[in-house]
Number of protein chains: 2
Amino acid sequence: MESQDLRKAGLKVTLPRLKVLEILETTDHRHMSAEDVYKALLEMGEEIGLATVYRVLTQFEGAGLVSRLSIDGGHAVFELEDGSHHDHLLCVRCNRIEEFVDDVIEKRQRAIAAEKGFEMTDHSLYIYGICRHCQSS
Amino acid sequence: MESQDLRKAGLKVTLPRLKVLEILETTDHRHMSAEDVYKALLEMGEEIGLATVYRVLTQFEGAGLVSRLSIDGGHAVFELEDGSHHDHLLCVRCNRIEEFVDDVIEKRQRAIAAEKGFEMTDHSLYIYGICRHCQSS
DNA sequence: ATATATATGAAAACCTTTCTCATTTACACC
DNA sequence: GGTGTAAATGAGAAAGGTTTTCATATATAT
Ligand SMILES: [Mn+2]
Ligand SMILES: [Mn+2]
Ligand SMILES: [Zn+2]
Ligand SMILES: [Zn+2]
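Residues numbered from 1 in each chain as written. Chains lettered and ligands numbered in written order. Predicted model: local features only at pLDDT ≥ 70, side-chain atom pairs only at ≥ 80, totals over all residues. Heavy atoms only, no water.

### Observations concerning the packing of aromatic side chains
Residue and element names in this part refer to chain B. The final tally for this structure, using the stated rule, is two aromatic pairs over all chains. Ring geometry for Tyr126 and Tyr128: centres 6.4 Å apart, planes at 40°, overall tilted. Neither residue differs from the other here; Tyr126 and Tyr128 are each classed as buried. (Phe/Tyr/Trp six-rings, centres within 6.5 Å; stacked < 30°, edge-to-face > 60°. Buried < 20%, exposed > 50% of the residue type's maximum accessible area, 1.4 Å probe, protein only.)

### Observations concerning the protein's contact with DNA strand D
Looking at DNA strand D, there are 20 residues lining it, with Thr14(A), Thr52(A), Arg55(A), Tyr54(B) and Ala76(B) nearest. Per the 4 Å cut-off to the protein, sugar and phosphate atoms form 71% of the nearby atoms of DNA strand D. Contacts to DNA strand D include Arg55(A), whose side-chain N or O atom sits 2.7 Å from a base nitrogen. Between DNA strand D and the protein, one listed contact pairs a phosphate oxygen with a backbone N or O atom of Ala76(B) at 2.8 Å. Those elements giving two or more residues to the surface near DNA strand D turn out to be helix H2 (15-26) and helix H4 (50-62) of chain A together with helix H4 (50-62) and strand E2 (75-80) of chain B. For the surface near DNA strand D, the element with the highest residue contribution is H4(B), accounting for four residues. Partitioning the surface near DNA strand D into residue classes produces seven nonpolar, seven polar and six charged. (Near = heavy atom within 4 Å. Polar contact = N/O pair within 3.5 Å; in protein donor to acceptor, adjacent residues only side chain to side chain. Helix = DSSP H or I, 4+ residues; strand = E, 2+ residues; numbered from the N terminus. Nonpolar A, V, L, I, M, F, W, Y, C, P; charged D, E, K, R; others polar.)

This is how it looks when you write it as structure tokens:
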């Protein structure tokens, strides 16, 4: 019952919010831009404004329901938050996104921040490359 | 003699290009946005268009003379290329940028790409935090 | 010196994201 | 179930960084 998730986050339960959540939960593209979500909703026959999609996604991010990736050069994609941190591999040919977790890297990052006297608040790591699928074509 | 660098890159030797190069070589802010470079040139009394600065920096990037960092949220900064790869720590309070190299992380990235079947072409890693200077204030 | 391909500056266009504001809606309360 | 009020919405304008357009100027080969 996702209405509860919204209430818990202090957000009123509105149709646009439920619909955005529904898209994120049912898509097979785990990582979607605001535009992607917007278009998916239009195709579903929903009437929604793009500004609302941006607002709702930003609110969801604030509520910890989704997380935002800032892909190279001002283009954000969103994904449902699953509680576990991970980083991303991006195919430069087809834009496929894969996920990974690496404890060695996570630990080294903390060590580097400490060495440099930084109180680490966050990090972003993207590996770019050509995915298996695109190599054979 | 930086004229040679330009010629080697197949770029005509023009005043705007020489001046942008000069700024990058003499600034004490190793990482500068296009706007930073533009303003520095205006203060020097140079007449140059912002579009030219963007163009020249992009050409320099193509020629391997500078590298571009895409900071979180559509704002690029440039630095003179020194041949050696490094990653960055960014202070979220004062925007200070520090550099680091970590071979363990570099190696793990290659291993992860290989595991996932990616032919790695590049990567980007930013550690965000509060710098030493900003912690005591 | 001349010709020609290339570079420049100013302004307009671009693209993603945010803001404004008039209108609609959710929900607490009676 | 109505009502009031604060919050949410949609349309379009605005923002902010970057790129494009196009007429003019410049570098370089001959
Ligand atoms: Mn992900
Ligand atoms: Mn650097
Ligand atoms: Zn691919
Ligand atoms: Zn700082």
